[in-house]
Amino acid sequence: MSLAERIAEYREIVAEWLRGFYHGLISHPAYEKIEKEAEDQEDAFMLACFPEAFGIPSPVSYYTAELLPYLEDEFEAWERRMWDRGSLLERKGQQYHF
């Protein structure tokens, strides 16, 4: 096997791997589901940390207030997203096509 043939074979293997990587990372339909699930997990964490933003009393708000400077950028976007969302059931229903 000559050097040119080995290089060509290597390039084919790398190109096939990159196509699969791109498909799995960006274009695969599961990507959207994973992204929505990660967003739901982030929303649950923020709601557990700052429930008083929605009028839910929290006994640990004194401690979670210390997180606010670190989560300042995400807090505004999260609050806007939570107020715009219809309901959690509606969001989960979209994932399962109800």
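Just so we're clear, the structure is a prediction, and the values are computed from it rather than from any experiment.

Visitor: Got a minute to help me understand the overall build of the protein in this structure?
Guide: When helices and strands are tallied, the protein shows five helices and zero strands. Secondary structure of the protein in N-to-C order comes out as α-α-α-α-α. When each of the 98 residues of the protein is scored for burial, the buried share is 15%. Of the contacts formed within the protein by residues at least 6 apart in sequence, a portion of 69% connects residues at least 24 apart. Carbon and sulfur atoms make up 62% of the accessible area of the protein, which totals about 8,200 Å².

Visitor: I keep staring at the packing of aromatic side chains and nothing clicks. Help me out?
Guide: Each aromatic ring pair is characterised by the separation of its centres together with the angle its planes make. Overall, the coordinates contain four aromatic pairs when judged by the stated rule. Measuring from centroid to centroid gives 5.2 Å for F50 and F75, while their planes differ by 80°, and the two rings are edge-to-face. Of the two residues, F50 is situated in the loop between α2 (30-49) and α3 (61-64) and F75 in helix α4 (residues 72-84); the sequence distance between them amounts to 25 residues. Across the pair, exposure class does not vary: F50 and F75 are buried alike. An angle of 50° between the planes, with centres 5.6 Å apart, marks the rings of F75 and W78 as tilted. Taken together, the positions of F75 and W78, both in helix α4 and three residues apart, correspond to about one turn of that helix. Each member of the pair, F75 together with W78, is buried.

Visitor: Would you explain the side chain of S58 in this entry?
Guide: Relative to the helices and strands, S58 is located in the loop between α2 and α3. S58 gets classed as buried once you look at its relative accessible area, which sits at 16%. When residues no more than four places from it in sequence are discounted, the contact partners of S58 are P51 and E52.

What counts, and at which threshold
- Sequence order sets the numbering: in each chain, residues are counted from 1 along the sequence as written.
- Only residues with pLDDT of at least 70 get local features here, since the model is predicted, and only at 80 or more are side-chain atom pairs given and counted; chain-wide, interface and lining totals rely on the full set of residues.
- To obtain the side-chain values, all non-hydrogen atoms of the structure were included, while hydrogens and water were left out.
- Helix and strand labels come from DSSP, where a helix needs a run of H or I of at least four residues and a strand needs a run of E of at least two; each type is numbered from the N terminus.
- Buried residues are those whose accessible area, probed at 1.4 Å on protein chains only, stays under 20% of the maximum for their type, while exposed residues exceed 50% and partly exposed ones sit between those limits.
- Whether two residues are in contact is decided by their heavy atoms, any of which lying within 4.5 Å being enough.
- Areas reported here follow the Shrake-Rupley algorithm with a probe of radius 1.4 Å; residue values treat only the protein chains shown as occluding.
- Between rings of Phe, Tyr and Trp, where Trp is taken as its six-membered ring, a pair exists when centres lie within 6.5 Å; planes separated by under 30 degrees are stacked, by over 60 edge-to-face, and by other angles tilted.

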